[in-house]
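# A closer look at the structure
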Amino acid sequence: LHMYRIPTLLVVLFFSFGVSAQADQEDFHLYLIGDGGKLDEIQPSYKKFLQQQLTNDKAPSTIIFLGDNIYPKGLPAEGNRQRKEAEEVLKAHLDLVKGFKGEIIFVPGNHDWKRGSRDGLQFILNQQAWVDSLNNEKIRLLPGNGCPGPIEIPLSEKLVLIVIDSQWWLHPWDKPEGETSTCDCKTPAEFTVQLDDMLRRNQHKRVVVAAHHPVITYGEHGGIFSAKDHIFPFTDLNQNLWIPLPI
């Protein structure tokens, strides 16, 4: 694969986006949809547009939901009063791509780990259990079991996907790590060694690394805020809270 053409597939919806990656020499399409935690509120025109793209796309394809799959705090345990509403959001993901024949991958985000809260691990395990309950080998949550990855998936002869859980790195509470972990990579050092090995083995291929958090961002997660954010920070919680604070 010498180059990719990346036209816009899906415009921003609730901070969600999608792109289609098409190789010139091998016809493989990769659809990326991020921050889909409010896909149950998606506008019909967006849904129709994406479904038309998928229906007309005859090439081998994979869809990746890039984390924050459920707002605001992931999937609670069965019996929780918020469980049904959270499940409906996941169902909206699958309804959005209904009829798609390729593989569908859910990647964890910080909201799926209960927004980084103490029992976040259990919440991502809840989401994995829900996805596994579909009994569809083409629909998976990766990496599984709260592990960091990396997971290597050959998509074609010259295209490789590597999936990682970036929230594992940032999560300050309980997570699979150290000697008691059942993950392939039990420490950041082991993860780094394995990722480096994957990149070296596939250095003559096109490699796509899928994770929730960007490596570089010019948004709030990268420490970039507007003057309004500094002076009126409470408007992020409620758009009517125009209470100024000293900078």
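About the thresholds
Sequence order sets the numbering: in each chain, residues are counted from 1 along the sequence as written. In view of the model being predicted, local features appear only for residues whose pLDDT reaches at least 70, and side-chain atom pairs are presented and counted only at 80 or more, with totals across whole chains, interfaces and linings using the full set of residues. Calculation of side-chain values draws on the structure's entire complement of heavy atoms; hydrogens and water are dropped beforehand. Confidence of the predictor in every single residue is expressed as pLDDT, which spans 0 to 100. Throughout, a contact is declared for two residues whenever any of their heavy atoms are within 4.5 Å. Inter-axis angles, ranging from 0 to 180 degrees, are taken between N-to-C directions of lines fitted to C-alpha atoms, where helices are fitted over the stretch in contact. Runs of H or I in DSSP of at least four residues are treated as helices and runs of E of at least two as strands, each being numbered from the N terminus. Roughly parallel here means an angle under 35 degrees, roughly antiparallel means over 145, roughly perpendicular means 65 to 115, and every remaining angle is called oblique. Helix crossings get a hand from a simple test, with the near helix turned counterclockwise from the far one by less than a right angle marking a left-handed crossing and a clockwise turn marking a right-handed one. Three categories are distinguished: nonpolar for Ala, Val, Leu, Ile, Met, Phe, Trp, Tyr, Cys and Pro, charged for Asp, Glu, Lys and Arg, and polar for the others, with Gly belonging to the last. The nonpolar core is taken to be a set of buried Ala, Val, Leu, Ile, Met, Phe, Trp, Tyr and Cys residues, with the residues joined through side-chain atoms within 4.5 Å. Residue burial is assigned from relative accessible area. The probe radius is 1.4 Å, only protein chains are included, and a residue is buried under 20% of its type maximum, exposed over 50%, and partly exposed in between. To count as a disulfide, a pair of cysteine sulfur atoms needs to be within 2.5 Å. By convention in these notes, a salt bridge is any Lys or Arg side-chain nitrogen within 4 Å of a carboxyl oxygen on Asp or Glu. Think of it this way: a Phe, Tyr or Trp ring, Trp meaning its six-membered ring, pairs with another when their centres are within 6.5 Å, and the plane angle makes it stacked under 30 degrees, edge-to-face over 60, tilted otherwise.

### A short note on the confidence of the model for the chain
Regions with low pLDDT should not have their predicted coordinates read in detail. In the predicted model, the chain carries a mean pLDDT of 84, and 87% of its residues have values of at least 70. Note on residues 1-24: pLDDT under 50 across the span, and 73 contacts to partners over four residues away in sequence or across chains.

### Structural notes on the packing of helix 2 (residues 83-96) against helix 3 (residues 120-132)
With their axes 12 Å apart at the nearest point, helix 2 and helix 3 run at an angle of 55° to one another. Considering the angle they form, helix 2 stands oblique to helix 3. Viewed along their axes, helix 2 and helix 3 form a crossing whose handedness is right-handed. From helix 2, Arg83, Glu87, Leu90, Lys91 and Leu94 reach across to helix 3, where they touch Asn126, Gln127 and Trp130. A class-by-class count of the residues in the contact of helix 2 with helix 3 yields three nonpolar, two polar and three charged.

### Overview of the nonpolar core
The biggest cluster of nonpolar side chains holds 27 residues, and the ones touching the most others in it are Leu54, Ile63, Phe65, Leu96, Val97, Ile104 and Phe106. In terms of residue count, the dominant contributor to this core is helix 2 (six residues). When neighbours within four sequence positions are excluded, phenylalanine 65 is seen to be in contact with Ile33, Leu39, His93, Val97, Ile104, Ile105, Phe106 and Val107. In terms of nonpolar packing, the next biggest core, distinct from the first, is built from 15 residues, Leu30, Leu32, Leu66 and Leu159 among them.

### Topic: the state of the cysteines
Throughout the structure, instances matching the rule amount to one disulfide. Disulfide pairing is shown between cysteine 147 and cysteine 183; the S-S distance is 1.9 Å. Between cysteine 147 and cysteine 183, the disulfide has an S-S torsion of -85° and is therefore left-handed. Taken together, the residues span a long stretch of sequence, with cysteine 147 in the loop between strand 7 (139-141) and strand 8 (151-156) and cysteine 183 in the loop between helix 4 (166-170) and helix 5 (188-201) at a distance of 36 residues. The residues cysteine 147 and cysteine 183 share a single accessibility class, namely buried. Considering cysteine sulfurs only, cysteine 183 is the nearest to cysteine 185, which forms no disulfide, with 8.2 Å between them. Look at cysteine 185 and you get buried, because its relative accessible area is 1%.

### Some words on the pattern of salt bridges
The tally for this structure, following the rule as stated, stands at nine salt bridges. A salt bridge links lysine 47 to aspartate 95, with the nearest nitrogen and oxygen atoms 2.4 Å apart. Placement of the pair is lysine 47 in helix 1 (residues 44-56) and aspartate 95 in helix 2, with a sequence separation of 48 residues. Classification of aspartate 95 as partly exposed rests on a relative accessible area of 32%.

### What about the packing of aromatic side chains?
Under the defined criterion, the tally for this structure stands at four aromatic pairs. With a centroid separation of 5.0 Å and an interplanar angle of 65°, the aromatic rings of phenylalanine 232 and tryptophan 242 are classed as edge-to-face. Of this pair, phenylalanine 232 sits in the segment after helix 6 (227-231) while tryptophan 242 sits in the segment after helix 6; the two residues are 10 residues apart in sequence, bridging distant segments of the chain. Overall, phenylalanine 232 belongs to the partly exposed group, its relative accessible area being 22%. Given a relative accessible area of 48%, tryptophan 242 falls into the partly exposed group.

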